[in-house]
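So the chains spell out like this:
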Amino acid sequence: MSEAYTGGCACGAIRYEITAEPIEMNDCQCRQCQRKSGTGHGSYLTFPRPAVKAEGEAKHWDVVGGGTIKSRAFCPTCGSPVYLTFPGIPEIFIVHAGSLDDPSRYKPQKVLWTAAGHAWDRLDPSAQKFDKMPPR
Ligand SMILES: [Zn+2]
Ligand SMILES: [Zn+2]
């Protein structure tokens, strides 16, 4: 693989290092991601959990979306959303694209929940679009 994916929150209290390539990279325009990001969509990289080393004390809040509990981790000092995990799918670990030390490594392959998207939130024309969740 290429060099590790590293990143963390805005104040540096939470850091992660991931020694694997992402399984998937996607934008999501659902209402939860709009509220959580404060803008039109969230941008996420999904990694295999065993490749992740995370440090720092994150706070978590849980939300149900698409029938799955999502545990969202954020920094209690600076408030940045950093990563999320799914208790029902413990083998994956998802980071926010903006938390990467080099966010240019994010290349969205799919856009989820375009049905909830807004005209002002422009999308990568080459990414595959889904009205809601893609079929698993
Ligand atoms: Zn922080
Ligand atoms: Zn979403």
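Please refer to the structure placed before this passage.
What counts as what
Residues numbered from 1 in each chain as written. Chains lettered and ligands numbered in written order. Predicted model: local features only at pLDDT ≥ 70, side-chain atom pairs only at ≥ 80, totals over all residues. Heavy atoms only, no water. Donors = N, O, S within 2.8 Å, 3.2 Å for Na, K, Ca; no water. Buried < 20%, exposed > 50% of the residue type's maximum accessible area, 1.4 Å probe, protein only. Tetrahedral: all angles 85-135°; square planar, octahedral: opposite > 155°, others 65-115°. Helix = DSSP H or I, 4+ residues; strand = E, 2+ residues; numbered from the N terminus. Pairing = 2+ DSSP bridges. Axes fitted to C-alpha atoms, helices over the stretch in contact; angles between N-to-C directions. Contact = heavy atoms within 4.5 Å. 1 Å grid on protein atoms, 1.4 Å probe; cavity = no way out; pocket = protein on both sides within 12 Å on 5 of 7 lines; lining within 4 Å. Points joined across faces, edges and corners; volume = space filled by probe spheres on them. Nonpolar A, V, L, I, M, F, W, Y, C, P; charged D, E, K, R; others polar.

Our next topic: the coordination of the zinc ion (ligand 2). For the zinc ion (ligand 2), the protein coordination sphere consists of Cys28 (SG), Cys30 (SG) and Cys33 (SG), at 2.2 to 2.3 Å. Of note, the zinc ion (ligand 2) draws all its donor residues from one chain, in the sequence arrangement C-x1-C-x2-C. Judged by relative accessible area, which is 6%, cysteine 28 ranks as buried.

Each protein donor to the zinc ion (ligand 1) is listed here as Cys9 (SG), Cys11 (SG), Cys75 (SG) and Cys78 (SG); together their distances run 2.3 to 2.4 Å. Classification of the site at the zinc ion (ligand 1) rests on its four donor atoms, whose angles at the metal span 106 to 115 degrees, yielding the label tetrahedral. Sequence spacing of the donors to the zinc ion (ligand 1): C-x1-C-x63-C-x2-C. With a gap of 64 residues between them, cysteine 11 in the loop between β1 (5–8) and β2 (15–18) and cysteine 75 in the loop between β7 (68–74) and β8 (81–86) connect regions that are remote in the sequence.

Moving on to the sheet that holds β1. Note: strands within a sheet are paired through backbone hydrogen bonds, in either parallel or antiparallel orientation. As summarised here, the arrangement of the three strands in space is β1-β2-β5, forming an open sheet in which the pairing is antiparallel. Either end of the sheet is taken by a strand with one partner, and the two such strands are β1 and β5 (52–55). Here the average twist between neighbouring strands, direction ignored, is 10 degrees. Pairing geometry for β1 and β2, over four bridges, is antiparallel. The partner of threonine 6 across the bridge, within β2, is glutamate 17.

A few words on the sheet that holds strand β11 (residues 128–129). Spatial ordering of the open sheet is given by β6-β7-β8-β9-β4-β3-β10-β11, a layout of eight strands whose pairing is mixed. Taken across any chain shown, the strands that pair with only one partner, and hence form the sheet edges, are β6 (59–65) and β11.

Attention shifts here to the environment of alanine 51. Summarising the element assignment, alanine 51 is placed in the loop between β4 (42–48) and β5. Sequence separation between alanine 51 and glutamate 91 is 40 residues; the distance between their C-alpha atoms is 10.0 Å. For alanine 51, the contacting residues outside a window of four places in its chain are Glu17, Ile18, Thr19 and Ala20.

This part is about the layout of surface pockets. When its volume is computed, the second largest pocket comes out at roughly 220 Å³. For the second largest pocket, the lining is made up of 15 residues, of which Lys36, Ser37, Pro81, His96 and Gly98 are closest to its centre. When contributions to the lining of the second largest pocket are tallied by element, the ones reaching two or more residues are α1 (31–37) and β4. Along the lines of polarity and charge, the residues of the lining of the second largest pocket split into three nonpolar, eleven polar and one charged.

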